[in-house]
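Fold and contact review
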Amino acid sequence: MMLCWILISLFVGFLKAQENPEVIYAQVGGNVILPRENIKGDVYVNWYRGKDINITISRNPQSGIQRAKEMKTHADLLPDFSLKISPVQESDFEIWRCEQHVLSSTYKKTYKLYHVTIPKVPAVIAGDSLSLECKMDSSPVKPSVTWIPPENSDCHQSNHSREKIKVKDVSRCHSGVWTCMLEYGSKKKYYTNATTTVSVIDLSASPDTIYTSSSKVNIPCSLSSKIPWSILNETGLSGGSWSFTPLSDPKSTHSLLSLSVGSVVRWNKTQGKDSPVKAEGRELKDHVLSINLPVSEKIRGVYTCSLTFSTKTLSRKVQVEVLNVSSSGGSRVYEGQSVNLTCSLGHQLTSDLEVKWNCSSCSIFFGLNLHQSTLSIPEVKVEHSGKLTCELWKKGEKLTSAVLSLKIEKAPVDIWLCVAISSGVVVFILLVVVTIICIRRHRQMMMYRRRKIKYCCCKNPQQNQKGFYKTRMQFSSDGRGVS
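Now for a description of the structure that goes with this document. Computed from a predicted model, the values in this text were never measured in an experiment. (Residues numbered from 1 in each chain as written. Predicted model: local features only at pLDDT ≥ 70, side-chain atom pairs only at ≥ 80, totals over all residues. Heavy atoms only, no water.)

1. Section: the overall build of the chain
Across its full length, the chain holds three helices and 37 strands. For the chain, the proportion of its 483 residues judged to be buried stands at 36%. For the chain, the proportion of contacts with a sequence separation of at least 24, taken over those separated by at least 6, is 55%. Carbon and sulfur atoms make up 53% of the accessible area of the chain, which amounts to about 30600 Å² in all. (Helix = DSSP H or I, 4+ residues; strand = E, 2+ residues; numbered from the N terminus. Buried < 20%, exposed > 50% of the residue type's maximum accessible area, 1.4 Å probe, protein only. Contact = heavy atoms within 4.5 Å. Areas by Shrake-Rupley, 256 points an atom, 1.4 Å probe, with all protein chains shown as cover.)

See below:
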């Protein structure tokens, strides 16, 4: 009698299983697993599709897994011989049967696939509202719904336990894959995940300030997600711009670039001749809107990147600071001179910034405070030559550094001093020569002017006088002397 009741209860359970298949929800394009009941023994597993009498896929201990020659679905068996359908097609939403044979015993289980769908959500501009809905076919069970937001860095979001949800003031945190998780089943819990991708149009976060001293600087601006420009155009994109406001003149704003939209998206130059910054236009092929500028003291200022839509404007601002190191005497200084070394951003440093001087191959910093913006060196020497590095630090992090090559040379002899000395020597020599000439000329003149007394013997000597006597010589017309 007891055996009869057992057989009757098993038969009734079998009929109920045939009449009420297990409910399984699936999303078109997703994947779904139809679990096999764990039956011990050397089991033969056959999976059937709908009312088809031909086996779709099977497993037997001797020949392994076999598939139908004309299988209409992308199905495969997992290691435990459960059926996995991926991707799910529209034609797969029907009844699936699993038959297992162990010796003379047969175990049957039926499943029926039901739709779960999420209506497509258009791209949303940051700050707007986002509406999501998880739609399910009517079935004998009532699934519980949980919305799981995307996992983005630095974003903390909570789940939502409703079929329809509305998220206000969306940001980049809401961009990505949203998952609608269904939980259903009475005796055994089943889980189905349906997903949809939400695109939030926003500009990526950028640093408030960029510190640089290199030859070129990249000023970042980009879309927070890789959204095609065609979708942006459909959302109402009408243009964009880059502008520049100098730190030295906060009331003056210069237009640098404007965005032209259409089949080709590009930055066009708009800066005037008097603009201190020169940016180059280019075609945009991805989500990067950045610009590259040559570094000089003129580019210090605030840069604004903007995208304009029909309903609002998205913008990001970046301040560019240029670190400059200079010498009061230039890069070439003569030995013995006093020099002031200055490391500056063009304005007074804030309290959270500090400078550090460094020179690995010179002794110019001996005895100086290396945390000052300006260093005064009273007398430089040749051995002080080398590369001087000024580093800018903030809260233990080095922001940037600038290098100055300082060359100390021996002081040259003053050329005018040489000219003066040479001139003095020449004048002295001339004076000596002139003096000698004057002395000689004077002597010659004295000799010509001196009277000459001669003694002679007269032809007619006076009587009673003998020998030589003085006489005054006279010269005749022939030059002879006559007494």
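2. Here's the deal with the sheet that holds strand β13 (residues 144-148)
Strand order across the open sheet formed by three strands is β13-β15-β16, with antiparallel pairing between neighbours. A strand with exactly one partner marks an edge of an open sheet, and here the two such strands are β13 and β16 (190-198). Between one strand and the next, the sheet's axes are offset by a mean angle of 20°, whatever the strand orientation. (Pairing = 2+ DSSP bridges. Axes fitted to C-alpha atoms, helices over the stretch in contact; angles between N-to-C directions.)

3. Looking at the packing of aromatic side chains
The tally for this structure, following the rule as stated, stands at five aromatic pairs. For the ring pair F244 and Y303, a centre distance of 4.8 Å and an interplane angle of 35° mean the geometry is tilted. Of the two residues, F244 is situated in strand β20 (residues 237-246) and Y303 in strand β25 (residues 301-309); the sequence distance between them amounts to 59 residues. Each member of the pair F244 and Y303 is classed as buried. Seen from the ring of W393, K356 lies directly overhead, with NZ or CZ sitting 4.1 Å from the centre. (Phe/Tyr/Trp six-rings, centres within 6.5 Å; stacked < 30°, edge-to-face > 60°. Lys NZ or Arg CZ within 6 Å of the ring centre and 35° of its normal.)

4. Section: the nonpolar core
Among the nonpolar cores identified, the biggest contains 80 residues, and W47, L83, L130, W147, W242, L289 and Y303 are the most heavily contacted of them. Apart from the residues lying within four places of it in its own chain, the contact partners of W147 are I118, L132, E133, C134, N159, H160, R162, E163, I165, W178, T179 and C180. Within the second largest apolar cluster, 22 residues are counted, among which are L323, C343, L353 and L388. (Core = buried A, V, L, I, M, F, W, Y, C linked by side-chain atoms within 4.5 Å.)

5. What about a nonpolar patch on the surface?
Taken together, the side chains of I421, V425, F428, I429, V432, V433, I436 and I437 define a hydrophobic patch exposed on the protein surface, amounting to about 720 Å² of accessible area. Looking at where I429 falls in the secondary structure, it is placed in helix α3 (residues 415-449). (Patch = residues over 30% accessible without salt bridge, like charges linked within 9 Å, V, L, I, M, F, W, Y side chains within 5 Å. Salt bridge = Lys/Arg side-chain N within 4 Å of Asp/Glu carboxyl O.)

6. Points about the sheet that holds strand β31 (residues 374-377)
The three strands lie next to each other as β27-β29-β31, forming an open sheet whose pairing is antiparallel. Taken across any chain shown, the strands that pair with only one partner, and hence form the sheet edges, are β27 (324-327) and β31. Pairs of neighbouring strands in the sheet enclose a mean axial angle of 10°, with direction left out of account. Note: β27 against strand β29 (residues 339-344), four bridges, orientation antiparallel. The partner of V325 across the bridge, within β29, is C343.

7. Points about the state of the cysteines
Taken as a whole and judged by the stated rule, the model has four disulfides. Across the disulfide from C134 sits C180; the S-S distance is 2.0 Å. Across the S-S bond of C134 and C180 the torsion is about -95°, and the bridge reads as left-handed. Of the two residues, C134 sits in the loop between β11 (130-133) and β12 (135-136) while C180 sits in strand β15 (residues 176-184), which places them 46 residues apart along the sequence. Accessibility classification places C134 together with C180 in one group, the buried group. (Disulfide = S-S within 2.5 Å.)

8. Quick word on the side chain of R36
Positionally, R36 belongs in the loop between β2 (32-34) and β3 (44-49). D80 provides the closest opposite charge to the buried, salt-bridge-free R36, at an N-O distance of 5.9 Å. Polar side-chain contacts of R36 include one of 2.7 Å to the backbone oxygen of D80. Dropping the residues within four chain positions of it, R36 is found in contact with V43, V45, W47, D80, F81, S82, C98, Q100 and Y111. (Lys, Arg positive; Asp, Glu negative; His and termini not counted. Polar contact = N/O pair within 3.5 Å; in protein donor to acceptor, adjacent residues only side chain to side chain.)

9. Comments concerning the side chain of E391
Note on placement: E391 falls in strand β32 (residues 386-394). Buried within the structure, E391 lacks any salt-bridge partner; its nearest side chain of opposite charge belongs to K398, at an N-O separation of 4.1 Å. Here the side chain of E391 touches W393 through a polar contact of 3.0 Å, side chain to side chain. Beyond its immediate chain neighbours, meaning those up to four positions away, E391 contacts E354, V355, K356, K398, T400 and S401.

10. Section: unusual backbone geometry
With an omega of -5°, the peptide bond between S86 and P87 qualifies as cis. Even without being glycine, L103 reaches a positive phi, approximately 55°. Judged by relative accessible area, L103 falls into the exposed class, the value being 87%. We note that D169 has phi near 50°; this positive angle belongs to a residue other than glycine. Structurally, D169 is set in the loop between β14 (164-167) and β15.

11. Some thoughts on the pattern of salt bridges
Applying the stated criterion across every chain, the model contains twelve salt bridges. In this structure, E133 and K164 form a salt bridge, with 3.9 Å as the shortest nitrogen-oxygen distance. Taken together, the positions of E133 in strand β11 and K164 in strand β14 put the pair 31 residues apart, joining distant regions of the chain. E133 gets classed as partly exposed once you look at its relative accessible area, which sits at 25%. Across the pair D352 and K394 runs a salt bridge whose closest N-O atoms are separated by 3.5 Å. Here the residue D352 occupies a position in the loop between β29 and β30 (353-358), and K394 occupies one in strand β32, the gap between them amounting to 42 residues.

12. Description of the pairing of strand β19 (residues 216-219)
Burial along β19 is one-sided: V217 and I219 are buried, and none of K216 and N218, which face the opposite way, are. As judged from the four bridges shared by β19 and strand β24 (residues 291-294), these two strands associate in the antiparallel manner. Across the sheet, residue K216 finds its bridge partner in β24, namely P294.

13. A few points about the environment of V403
With respect to the helices, strands and loops of the structure, V403 is situated in strand β33 (residues 397-409). The class of V403 is exposed, set by a relative accessible area of 51%. The spatial distance from the C-alpha of V403 to the C-alpha of S214 is 9.7 Å, given a sequence separation of 189 residues. Apart from the residues lying within four places of it in its own chain, the contact partners of V403 are V325, K387, L388 and T389.

Honestly, it's all geometry; don't read function into it.
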